[in-house]
Amino acid sequence: MPLVPTASIVDAARAARVGAAAFNVIHLETAEALVTAAERTGHPLILQLSENCIRYHGSLLPLTRATLALAEESTARIAVHLDHITETELVHRGITAGVGSVMVDASALPYEQNVAATAALTAWCHERGAYVEAELGEVGGKDGVHAPGVRTDPAEALAFVRATGVDALAVAVGSSHAMRERTAELDKDLITALRTTLPVPLVLHGSSGVPDDELRRAIAAGMTKINISTHLVSVFTRSIRRALDADPALIDSRKYVKPAREAVAQEAARLLEVLSTPVTVPTPQTVEATVRG
């Protein structure tokens, strides 16, 4: 199937009040696992390549081209996205290589410089038909505005969106990057206020630390794009650790990577079902009727 635009996945999810799943690729095996999950469930998926991932591999093109090829050959609806890109040259090279969207991360800069840098890259990407996500400040785990307890101000977010022209905005509502336990509780009232205020979809970073039911409630409140990385990386690593502990003599990496790939495919498929299932939000009349009944 031809590569699907990120906008089509995110906009459809926003209209249906479900989550647009965005899972991070670490290496080819995780990319294969994630595509398998999308094919098994029939749900669309955004494959994300972060700047850290690109640095790990030493180059943008090899893994990016492999991920694009997997997406193009899949029977599922797959988009490919660059995540947390701070370098202008990487944005240019990624979009030129065929990636359909990018998260422009100028969040470490002072606000006015963030706006200027994001607006310039957004204009460049839009000229080439690419979709742009951004954020006002650094995500939790980087001592930034997404640290637990810090929240995005709706009025400031609206001003940022208007000044930059971005298509989606990552917001701080209580999640944090690299959480190993799924214990985060999100500010659903703020999510609702942000959805009401902003004309663009909301993106949740640090979703690995958010339990299933809380993700559902966040989507019902107005969150759309849900980024997950650490949780799936943990699934992969735990599987490999179990295999090597069970057989210390094992040396053929295919024999322990293959079950790890399958473990990620299964968990990614489960998460796709969680995020893609509409949540019914009780109306005041429904709640009153239930109480009376």
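Because the structure is predicted, anything quoted here is derived from the model rather than measured. (Residues numbered from 1 in each chain as written. Predicted model: local features only at pLDDT ≥ 70, side-chain atom pairs only at ≥ 80, totals over all residues. Heavy atoms only, no water.)

Chemist: Let's hear about the overall build of the protein: which residues, and what values?
Modeler: Per the secondary structure count, the protein includes twelve helices and eight strands. Counting only contacts in the protein whose residues sit at least 6 apart along the sequence, the fraction spanning at least 24 positions is 73%. Per element, the accessible surface of the protein, about 13100 Å² overall, is 54% carbon and sulfur. (Helix = DSSP H or I, 4+ residues; strand = E, 2+ residues; numbered from the N terminus. Contact = heavy atoms within 4.5 Å. Areas by Shrake-Rupley, 256 points an atom, 1.4 Å probe, with all protein chains shown as cover.)

Chemist: Hey, could you go over the pairing of strand β3 (residues 78-85) for me, with residue numbers and the actual values?
Modeler: By the criterion of burial, β3 is predominantly enclosed, with eight of the eight residues buried. Pairing geometry for strand β2 (residues 45-50) and β3, over six bridges, is parallel. The partner of L47 across the bridge, within β3, is V80. Pairing between β3 and strand β4 (residues 101-104): three bridges, direction parallel. For H81, the partnering residue across the bridge sits in β4 and is S101. Between β3 and its parallel partner β4, the chain crosses via helix α5 (residues 88-97), and the hand of that crossover is right-handed. (Buried < 20%, exposed > 50% of the residue type's maximum accessible area, 1.4 Å probe, protein only. Pairing = 2+ DSSP bridges. Right-handed = clockwise from strand over helix to strand, strands pointing away.)

Chemist: Could you give an account of the side chain of H205, naming the residues involved and the relevant values?
Modeler: With respect to the helices, strands and loops of the structure, H205 is situated in the loop between β7 (202-204) and α9 (212-221). A polar contact of 2.9 Å, which involves the side chain of H205, links it to the side chain of H84. One polar contact links H205 to E133, side chain to side chain, over a distance of 2.7 Å. (Polar contact = N/O pair within 3.5 Å; in protein donor to acceptor, adjacent residues only side chain to side chain.)

Chemist: Summarise the packing of aromatic side chains; cite the residues concerned and give the values.
Modeler: This structure, assessed with the given rule, holds one aromatic pair. Between the aromatic rings of Y111 and F160, the centroid separation amounts to 6.2 Å while the plane-to-plane angle is 55°, which identifies the pairing as tilted. Here the residue Y111 occupies a position in helix α6 (residues 111-127), and F160 occupies one in helix α7 (residues 154-164), the gap between them amounting to 49 residues. For Y111, a relative accessible area of 27% translates into the label partly exposed. (Phe/Tyr/Trp six-rings, centres within 6.5 Å; stacked < 30°, edge-to-face > 60°.)

Chemist: Describe the sheet that holds strand β5 (residues 131-135), listing the residues and the values that go with them.
Modeler: Strand order in this closed barrel of eight strands is β1-β2-β3-β4-β5-β6-β7-β8, and the pairing throughout is parallel. When the angles between neighbouring strand axes are averaged without regard to direction, this sheet yields 25°. Against the sheet, α6 touches β4 and β5, its axis set at about 170° to β5. (Axes fitted to C-alpha atoms, helices over the stretch in contact; angles between N-to-C directions.)

Chemist: Explain the environment of D212 residue by residue, including any values.
Modeler: Here D212 shows up in helix α9. Sequence spacing of D212 and V274 is 62 residues, and the spatial spacing of their C-alpha atoms is 6.8 Å.

Chemist: Kindly report on the pairing of strand β8 (residues 225-228), identifying the contributing residues and their values.
Modeler: Looking down a regular strand, the side chains alternate between one sheet face and the other. What you see with β8 is no split at all: K225 and N227 on one side and I226 and I228 on the other are buried throughout. For strand β1 (residues 20-24) and β8, the ladder comprises four bridges, and the chain directions are parallel. Its bridge partner lying in β8, F23 is registered against I228. Pairing analysis gives two bridges linking β7 to β8, with the strands arranged parallel. Bridge pairing links V203 to K225 in β8. Considered for its hand, the β-α-β crossover made up of β7, α9 and β8 is right-handed.

Chemist: Before we move on, could you go through the environment of L109 and cite the residues and values that matter?
Modeler: For L109, the location among the structural elements is in the loop between β4 and α6. Sequence separation between L109 and L136 is 27 residues; the distance between their C-alpha atoms is 9.4 Å. Among residues more than four places away in sequence, those in contact with L109 are N114 and A117.

Chemist: Report on the pattern of salt bridges, specifying residues and quantitative values.
Modeler: Considering all chains together, one arrives at eleven salt bridges under this definition. Note that R55 and E87 form a salt bridge whose closest N and O atoms lie 3.4 Å from each other. Here E87 lies in the loop between β3 and α5 and R55 lies in helix α3 (residues 51-57), a separation of 32 residues in the sequence. A relative accessible area of 36% means that E87 is categorised as partly exposed. Its salt-bridge partner being R254, residue D252 comes within 3.1 Å of it at the nearest N-O pair. When its relative accessible area of 63% is taken as the criterion, R254 is described as exposed. Because the salt bridges share partners, they merge into one network encompassing E51, R55 and E87. (Salt bridge = Lys/Arg side-chain N within 4 Å of Asp/Glu carboxyl O.)

Chemist: Can you break down the packing of α5 against α6 residue by residue, with the values?
Modeler: At a closest axis distance of 11 Å, the pairing of α5 and α6 adopts a crossing angle of 10°. Between α5 and α6, the angle is such that the two are roughly parallel. In terms of crossing hand, the pair formed by α5 and α6 is right-handed. Counting all contacts with α5, which are made through T88, V91, H92, I95 and T96, the residues of α6 involved are L121, W124 and C125. Along the lines of polarity and charge, the residues of the contact of α5 with α6 split into five nonpolar, three polar and no charged. (Parallel < 35°, antiparallel > 145°, perpendicular 65-115°, else oblique. Left-handed = near helix turned anticlockwise from the far one by under 90°. Nonpolar A, V, L, I, M, F, W, Y, C, P; charged D, E, K, R; others polar.)

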